[in-house]
Amino acid sequence: MNAESLTGRLLVAAPALRGSTFDRAVVLMLSHDGDGALGVMVNKPTEVYVDDVLPGWATVVSEPGVVFQGGPVSLDSALGLVAVRGADEPLGIRRVRGEVGVVDLDTPAEIIEPAITAMRIFAGYAGWAPDQLEGEIDEGSWYVVDAEPGDAFRVDAEGLWSAVLRRQSGPLALLATFPADPSLN
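Here's a quick rundown of the structure. Predicted, not measured: the structure shown is a model, and the values here were computed from it. (Residues numbered from 1 in each chain as written. Predicted model: local features only at pLDDT ≥ 70, side-chain atom pairs only at ≥ 80, totals over all residues. Heavy atoms only, no water.)

## Re the overall build of the protein chain
Alright, step 1. Across its full length, the protein chain carries 5 helices and 10 strands.
Alright, step 2. Relative to the compact-globule value of 16 Å for 185 residues, the protein chain shows a C-alpha radius of gyration of 16 Å, a close match.
Alright, step 3. Seen along its three principal axes, the alpha-carbon backbone of the protein chain occupies a region of about 50 × 35 × 30 Å.
Alright, step 4. Counted over contacts in the protein chain with a minimum sequence separation of 6, partners at least 24 positions apart contribute 62%.
Alright, step 5. Between the mean site of the 12 positive side-chain charges and the mean site of the 27 negative ones, the protein chain shows a separation of 8 Å. (Helix = DSSP H or I, 4+ residues; strand = E, 2+ residues; numbered from the N terminus. Rg over C-alpha atoms; globule rule 2.2 N^0.38 Å. Contact = heavy atoms within 4.5 Å. Lys, Arg positive; Asp, Glu negative; His and termini not counted. Charge placed at Lys NZ, Arg CZ, Asp CG, Glu CD.)

The following block contains the structure:
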């Protein structure tokens, strides 16, 4: 595994992770450096409406208006991900890469709303200790691919795993057709 930062890129779970928390997960990497790595699963909506846990943000979040499971770590914490309008870094938002940023949920929603085009709320995150993620990538648990601006905000988030693989070249594109349960094949 190359030592370059994976911040802003996607980790796509290999079929070998079937049955785990990361089964068919697509993780957007929010930080990756010598201290470890942090990201959120962008394709795992829950049945909990944002209005039930963060009412001030209910009118700002994108469809389907539910909280997404960001990962297995700190499920009782919330993280906001946004698509930022324009080139500026608005108050309360830290850009991750391109138009994607992380929002400080203590910032009033009225300040954030005009500065963004999309938003998701995540419960928890995926985290790795230094060198842990690199080991998982080297063993074939994750495919590292480029993110497209709308990946984190797709309405049909459950279809993201296949869609991301399908747009890759070579053998990765073939994995898009991998059955959810190979034993039924």
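## A closer look at the packing of aromatic side chains
The geometry of an aromatic ring pair is captured by two quantities: the separation of the ring centres and the angle between the planes.
Alright, step 1. Applying the stated criterion to the full structure yields 4 aromatic pairs.
Alright, step 2. With a centroid separation of 6.1 Å and 85 degrees between ring planes, the pair formed by W128 and W142 is classed as edge-to-face. You can see W128 sitting in strand 9 (residues 116–128) and its partner W142 sitting in strand 10 (residues 142–145), a full 14 residues away along the chain. The residues W128 and W142 share a single accessibility class, namely buried. (Phe/Tyr/Trp six-rings, centres within 6.5 Å; stacked < 30°, edge-to-face > 60°. Buried < 20%, exposed > 50% of the residue type's maximum accessible area, 1.4 Å probe, protein only.)

## Some details on unusual backbone geometry
Note on backbone geometry: most residues besides glycine have negative phi, and most peptide bonds are trans.
Alright, step 1. A cis amide bond links E63 to the next residue, P64, at an omega of 15 degrees.
Alright, step 2. For P64, the position within the fold is in the loop between helix 1 (50–53) and strand 5 (66–69).
Alright, step 3. Even without being glycine, R24 reaches a positive phi, approximately 55 degrees.
Alright, step 4. Looking at the element boundaries, R24 is found in the loop between strand 1 (10–13) and strand 2 (26–33).
Alright, step 5. On the basis of relative accessible area, R24 is assigned to the partly exposed category, the value being 22%.
Alright, step 6. Non-glycine residue S74 carries a positive phi angle of around 55 degrees.
Alright, step 7. Looking at where S74 falls in the secondary structure, it is placed in strand 6 (residues 73–84).

## Quick look at the nonpolar core
Alright, step 1. The biggest cluster of nonpolar side chains holds 42 residues, and the ones touching the most others in it are L11, V27, V42, L81, W128, L133 and W142.
Alright, step 2. Of the residues forming this core, the biggest block, 5 residues, is contributed by strand 2.
Alright, step 3. Ranked by size, the runner-up nonpolar core spans 15 residues in total, among them V60, V67, I93 and A123. (Core = buried A, V, L, I, M, F, W, Y, C linked by side-chain atoms within 4.5 Å.)

## Notes on the pairing of strand 8 (residues 100–103)
Alright, step 1. Burial along strand 8 is two-sided: V100 and V102 and G101 and V103, pointing in opposite directions, are all buried.
Alright, step 2. By the bridge criterion, 4 bridges tie strand 6 to strand 8 in an arrangement that is antiparallel. Each bridged residue has a counterpart across the sheet, and for A83 the counterpart in strand 8 is V100. (Pairing = 2+ DSSP bridges.)

## A word on the pairing of strand 1
Alright, step 1. Judged by which residues are buried, strand 1 turns out to be covered on both faces: L10 and V12 on one side and L11 and A13 on the other are all buried.
Alright, step 2. Looking at chain direction, strand 1 and strand 2 are connected through 3 bridges and run antiparallel. Along strand 2, the bridge assignment pairs L11 with V27.
Alright, step 3. Bridging between strand 1 and strand 10 involves 4 bridges; their strand directions are antiparallel. Along strand 10, the bridge assignment pairs A13 with W142.

## Considerations on the environment of V60
Alright, step 1. Along the chain, V60 turns up in the loop between helix 1 and strand 5.
Alright, step 2. Apart from residues no more than four positions distant in its own chain, V60 is found in contact with A109, E113, I116 and M119.

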